[in-house]
Amino acid sequence: MDSSKIEIFNQVGEDIPELETVEKVLLSAIEKEKLEGINFNLIIVDNEYIHELNKNYRNIDRETDVITFALEDDDTMVLPDNIRVLGDIYISIDRARSQAEEYGHSFLREICFLAVHGFYHLLGYDHMTPEDEKVMFGKQEEVLSAYGITR
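The residue count restarts for each chain, going from 1 along the sequence in the order it is written. Thresholds applied to this predicted model are a pLDDT of at least 70 for local features of residues and 80 or more for the giving and counting of side-chain atom pairs; totals over whole chains, interfaces and linings are not thresholded and use all residues. Side-chain calculation: all heavy atoms of the structure are included, whereas hydrogens and water are not.

*Asks:* Sorry if this is basic, but what is going on with the overall build of the protein here?
*Replies:* Secondary structure counts use DSSP, requiring at least four H or I residues in a row for a helix and at least two E residues in a row for a strand, with both numbered from the N terminus. For the protein, the helix and strand inventory stands at five helices and five strands. Going residue by residue from the N terminus, the α and β elements of the protein occur as β-α-β-α-β-β-β-α-α-α. Note on method: radius of gyration uses C-alpha positions; expected globular size equals 2.2 Å times residues raised to 0.38. A globule of 151 residues ought to have a C-alpha radius of gyration of about 15 Å, and the protein, at 15 Å, matches this closely. Seen along its three principal axes, the alpha-carbon backbone of the protein occupies a region of about 40 × 35 × 35 Å. Buried residues are those whose accessible area, probed at 1.4 Å on protein chains only, stays under 20% of the maximum for their type, while exposed residues exceed 50% and partly exposed ones sit between those limits. Here the protein, with 151 residues, has 40% of them falling under the buried criterion. Method for areas: the Shrake-Rupley scheme with a 1.4 Å probe, in which residue coverage is limited to the protein chains shown. Element-wise, carbon and sulfur atoms account for 46% of the exposed surface of the protein, whose accessible area totals about 8,500 Å².

*Asks:* Sorry if this is basic, but what is going on with the nonpolar core here?
*Replies:* For soluble globular proteins, nonpolar side chains are generally found buried alongside one another. Grouped together as the largest cluster of nonpolar side chains are 33 residues, with contacts concentrated most on Leu-26, Phe-40, Ile-91 and Phe-119. At the level of elements, α1 (18-32), β2 (38-45), β5 (83-92), α3 (93-103), α4 (107-122) and α5 (130-146) are the ones that each hand at least two residues to this core. With 10 residues, the top contributor of residues to this core is α4. In this analysis, two residues are considered to be in contact whenever any of their non-hydrogen atoms come within 4.5 Å of each other. Those residues within four positions of Phe-119 in sequence are excluded, and the remaining contacts are Leu-26, Ala-29, Ile-30, Glu-33, Leu-35, Phe-40, Leu-86 and Ile-89. Nonpolar cores are built from buried Ala, Val, Leu, Ile, Met, Phe, Trp, Tyr and Cys residues. Side-chain atoms within 4.5 Å join them into one set. Listed in part, the six residues of the second largest apolar core include Ile-43, Val-45, Ile-50 and Ile-67.

*Asks:* Would you mind going over the packing of α4 against α5 with me for this structure?
*Replies:* Contact geometry for α4 and α5: axes closest at 10 Å, N-to-C directions at 130°. Relative to α5, the element α4 lies oblique. Where α4 crosses over α5, the two elements pack in a sense that is right-handed. For the pair α4 and α5, contact is made by Arg-109, Cys-112, Phe-113, Val-116, His-117, Tyr-120 and His-121 and by Met-136, Phe-137, Lys-139, Gln-140, Glu-141, Val-143 and Leu-144, respectively. Between the N-to-C directions of two axes lies an angle of 0 to 180 degrees, each axis being a line fitted to C-alpha atoms and, for a helix, fitted only over the stretch in contact. Convention used here: angles under 35 degrees read as roughly parallel, angles over 145 as roughly antiparallel, angles from 65 to 115 as roughly perpendicular, and any remaining angle as oblique. Helix crossings fall into two classes, left-handed where the near helix is turned counterclockwise from the far one by less than a right angle and right-handed where it is turned clockwise.

*Asks:* Sorry if this is basic, but what is going on with the packing of aromatic side chains here?
*Replies:* Aromatic rings considered in pairs are described by the distance between their centres and by the relative angle of their planes. Whether two aromatic rings pair depends on their centres lying within 6.5 Å, for rings of Phe, Tyr and Trp, where Trp uses its six-membered ring; planes under 30 degrees apart make the pair stacked, over 60 edge-to-face, and the rest tilted. Under the definition given, this model contains seven aromatic pairs. Ring centres of Phe-113 and Phe-137 lie 6.0 Å apart, and the angle between their planes is 50°; this geometry places the pair in the tilted category. Taken together, the positions of Phe-113 in helix α4 and Phe-137 in helix α5 put the pair 24 residues apart, joining distant regions of the chain. Phe-113 sits in the buried class, given a relative accessible area of 14%. The class for Phe-137 is partly exposed, based on a relative accessible area of 28%. Centroid distance Tyr-120 to Tyr-125: 5.4 Å. Interplanar angle 80°. Geometry classified as edge-to-face. A relative accessible area of 0% means that Tyr-120 is categorised as buried.

Encoded structure:
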């Protein structure tokens, strides 16, 4: 049995029923990547909070939709029993809502996309070059489509 664990922290003080589906989608992404013993946190925050994170850690003075803090960059976060602690994914609930509206799809689609996007960042994927973007976004779409979450 897989010992992967996703901790979800809702820091916005409102009920977000979509988070149950987000967790299932992330678990399916872990399975798709054939990983076991993966631990990470998903933290739901507001624009103000993510703005501060972006400013303090990336020197970008504005809010963003998702920001990740990967712990595996130096391979020191492998715990006993081969448990891997990947890090944290922060998602702005405000940006997720506005982007869903802007892109013309559901809030569920947007928050799942952002969570899976953050998951692949924690695994070391990036989208700085067109080639890397194609790989990362391809993986994201496979996970979302397999779960029936489409645009």
